[in-house]
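# Coordinates in review
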Amino acid sequence: MAAPKRTPDLNTVYTINDDGSRNMLQVADVKGRWTTRKYIMYGLLILVYVLAPWIKIGGHPMILIDIPKRAAYLMGATFTNQDFHLFFFVLIGMGVLLFIVTSLFGRVWCGFACPQTVFMEGVFRPIERIIEGRRLARIKRNKAGGFDKTWRKLLKHAIFIFLCWNFAIAFMCYFIPTREMLHLVPFFSGDTTALVWSLFWTGLLYFDYSWFREQTCLIICPYGRLQSTLVDYDTLIIGYDKNRGEPRHKGIEAGGDCIDCHRCVDVCPTGIDIRNGLQLECIGCTNCIDACDDIMDKIGKPQGLVRFDSSRGFETGKSRPLLRPRFLIYAVVILALGALFVTRATKRESFQVVVMRSQGLPYSIENGVIRNLYTMHLQNKSDVEQIYFIRPADGALAGHEGVEYIIPQDRIVLEGFGDRQLTFFTMMPKSSYSLAEDFHFTFTDSTSGVTQDIKVRFRGP
Ligand code: SF4
Ligand code: SF4
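Quick notes on the rules
- Residues numbered from 1 in each chain as written.
- Chains lettered and ligands numbered in written order.
- Predicted model: local features only at pLDDT ≥ 70, side-chain atom pairs only at ≥ 80, totals over all residues.
- Heavy atoms only, no water.
- Helix = DSSP H or I, 4+ residues; strand = E, 2+ residues; numbered from the N terminus.
- Rg over C-alpha atoms; globule rule 2.2 N^0.38 Å.
- Buried < 20%, exposed > 50% of the residue type's maximum accessible area, 1.4 Å probe, protein only.
- Lys, Arg positive; Asp, Glu negative; His and termini not counted.
- Charge placed at Lys NZ, Arg CZ, Asp CG, Glu CD.
- Near = heavy atom within 4 Å.
- Salt bridge = Lys/Arg side-chain N within 4 Å of Asp/Glu carboxyl O.
- Nonpolar A, V, L, I, M, F, W, Y, C, P; charged D, E, K, R; others polar.
- Pairing = 2+ DSSP bridges.
- Phe/Tyr/Trp six-rings, centres within 6.5 Å; stacked < 30°, edge-to-face > 60°.
- Lys NZ or Arg CZ within 6 Å of the ring centre and 35° of its normal.
- Domains from an automatic or database assignment.
- Contact = heavy atoms within 4.5 Å.
- Buried area = accessible area lost by both parts, 1.4 Å probe.
- Axes fitted to C-alpha atoms, helices over the stretch in contact; angles between N-to-C directions.
- Arc of directions from axis to C-beta.

With that settled, consider the overall build of the chain. What the chain contains, in helices and strands, is 15 helices and 16 strands. Over its C-alpha atoms the chain spans a radius of gyration of 32 Å, topping by over 25% the 23 Å that the globule rule assigns to 461 residues. Buried positions account for 45% of the 461 residues belonging to the chain. With 53 positive and 44 negative side-chain charges, the chain shows a spacing of 6 Å between the two charge centroids.

Next up, the structure:
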């Protein structure tokens, strides 16, 4: 007797067989209003994800993390490693924003905007369908084997590798300035490191989009596991209306509206049955909504047996307004983080200078003169060359008889994002010294005229 056909349940992961092998899904095609909206969104986002490093705002890349230069560009602003603390606000802000969106609309990020879904469903899955046919044709051909299957698979994988190579290069543009990338592609001649990285990312993307697919969402991505803590009774989720659908039955006669046609399962890219309730594997892609609406149209029943609604709505038929206390708390947190970020980011100086007493003795005495040695670290935080001048602040030495300073280089030229370490001395006759005191020096950026006043402590016996 043949083993019963396996169907998705709540106790096992449908995409993994009992023996641990992979149960490769053959996802069915679907059309409908949500699918149309999604494809428009995917098209726009693919453009954004690929072109973002090429777009310039205020002469700077919209987004670039320049690791060799230890600098980053974000929406026209420039950040160096000294500004790294500001990314705390950005990362926490993005996390809280994701919390807000999830608490209101469930996993819309996963279904509509996550690059994993956008490229899988917007690029690779459609190509697979064009070359290998629709679900049933694919299943039949995979079973039959032969030349017809082989040439289609070879063609599909060749196109996948070509696309992955291009997406890998597009991804690397987030870390290598585009003008440098233009010199490197297509063969990365002369830059073995970039070549190795491009091969690594190509391989990783190819592995992901050709084979691993939904396993990335189920196994690797932590966001799905957080879902249960982020959604509440009033969050909009994709669900099945049990009150209306049950008892399910084959055919359109008596019972609930679900005719157990399995379409909502066949179109699911993570292989779950939405009728089993909200599950970790659901990425909110809306395929099951469109699939079921299509079936409802065909059998003359109202759409919406599977739909966006809150758990409260599914149970009672009445949903609460979207704006709830939890949302307001998140909103206050994100506004506070945003305000802090803007305040700190706009108050940043175009250069940073740190002066410290040199290691070793706090002072030395030579021929009756006390000498203090300092180490100065100057960093240009802009991406263009700058000239800096160092001198004692106005009146800093007034009233200090015999005080001198030696700055080996009082005019310093620093390339964009460059930094320099220098030493300088302050000297005072021992006879003039009574107590430790502070001297002020000014560091001036010749381009902007911005001046920073730095205090150094003079010590003696
Ligand atoms: S598509 Fe709709 S009718 Fe068909 S099994 Fe799913 S919920 Fe039932
Ligand atoms: S259950 Fe529906 S919304 Fe969730 S992943 Fe499957 S098809 Fe997409």
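Next up on the list: the site of ligand 1. Close to ligand 1 lie 13 residues, the nearest being Cys258, Cys261, His262, Cys264 and Cys292. Within the residue set of the shell around ligand 1, elements represented by two or more residues are helix 12 (263-266) and helix 13 (287-299).

Inspection of every chain in the model, using the stated rule, returns 25 salt bridges. Residues aspartate 293 and arginine 33 are paired through a salt bridge, measuring 3.2 Å at the closest nitrogen-oxygen approach. One end of the pair, aspartate 293, is in helix 13; the other, arginine 33, is in helix 1 (residues 33-51), with 260 residues separating them in the sequence. What makes arginine 33 partly exposed here is its relative accessible area of 42%. Of the charged contacts in the structure, one is a salt bridge between aspartate 294 and lysine 298, with a shortest N-O distance of 3.2 Å. With a gap of four residues between them, aspartate 294 and lysine 298 both fall in helix 13, about one helical turn apart. Note on aspartate 294: relative accessible area 29%, which makes it partly exposed. One continuous salt-bridge network, built from bridges that share partners, spans Glu128, Glu132, Lys153, Lys156 and Arg213.

Around ligand 2, a shell composed of 13 residues is seen, among which Cys268, Cys282, Ile283, Cys285 and Cys288 lie nearest. Broken down by class, the residue content of the shell around ligand 2 amounts to nine nonpolar, four polar and no charged.

Turning next to the pairing of strand 11 (residues 386-392). Two faces belong to every sheet, and in a regular strand the side chains alternate between them. Burial along strand 11 is one-sided: the face carrying Gln386, Tyr388, Ile390 and Pro392 is buried and the face carrying Ile387, Phe389 and Arg391 is not. Examined bridge by bridge, strand 11 and strand 13 (residues 411-414) share four bridges and lie antiparallel to one another. Looking across to strand 13, one finds that isoleucine 387 is bridged to valine 413. Note: strand 11 against strand 15 (residues 437-445), five bridges, orientation antiparallel. The partner of tyrosine 388 across the bridge, within strand 15, is aspartate 445.

What follows is about the environment of aspartate 297. Among the secondary structure elements, aspartate 297 is positioned in helix 13. Along the sequence, aspartate 297 and alanine 72 sit 225 residues apart, while their C-alpha atoms lie 52 Å from each other.

For any pair of aromatic rings, the description consists of the separation of the ring centres together with the inter-plane angle of the planes. Going through the model one piece at a time under the given rule, you end up with 27 aromatic pairs. For the ring pair phenylalanine 124 and phenylalanine 160, a centre distance of 4.9 Å and an interplane angle of 90° mean the geometry is edge-to-face. With a gap of 36 residues between them, phenylalanine 124 in helix 4 (residues 115-132) and phenylalanine 160 in helix 6 (residues 147-172) connect regions that are remote in the sequence. Assigned by exposure class, phenylalanine 124 and phenylalanine 160 land together as buried. Taken together through their ring pairs, the aromatic side chains of Tyr49, Phe119, Phe124, Phe160, Phe167 and Tyr209 make up a single cluster. The residue whose ring lies beneath arginine 22 is tryptophan 211, and the NZ or CZ to ring-centre distance is 4.9 Å. Just above the ring of tryptophan 34 sits the side chain of arginine 37; from NZ or CZ to the centre is 4.5 Å.

Let us look at the domain arrangement of the chain. Each assigned domain of the chain is listed here: domain 1 (22-348) and domain 2 (351-458). Contact residues are listed per partner, giving ten residues for domain 1 and six residues for domain 2. In total, about 740 Å² of surface goes out of reach between domain 1 and domain 2, with carbon and sulfur atoms giving 49% of it. When the area that domain 1 buries against domain 2 is broken down by residue, the three leading residues are Lys69, Thr80 and Gln82, summing to 48%. Counting every contact that joins domain 1 to domain 2 gives one salt bridge. The partner of lysine 381 in a salt bridge is aspartate 83, and the shortest N-O contact between them spans 2.9 Å. Of all the elements in the fold, those that place two or more residues in the side of domain 1 that touches domain 2 are strand 4 (71-74) and strand 5 (77-80).

The four strands lie next to each other as 13-11-15-16, forming an open sheet whose pairing is antiparallel. Of all the strands in the sheet, just strand 13 and strand 16 (451-458) have a single pairing partner and so form its edges. Adjacent strand axes in the sheet meet at a mean angle of 25°, parallel and antiparallel pairs treated alike. Note: strand 15 against strand 16, eight bridges, orientation antiparallel. Its bridge partner being in strand 16, threonine 444 is matched across the sheet by threonine 451.

Every buried residue of helix 5 (residues 135-144) is listed here: Arg135, Arg138 and Arg141. Viewed end-on, helix 5 has its buried residues packed into an arc of 135°, placing them on one side of the element. Exposed positions of helix 5 whose direction lies more than 90 degrees from the buried face are Leu136, Lys140, Lys143 and Ala144.

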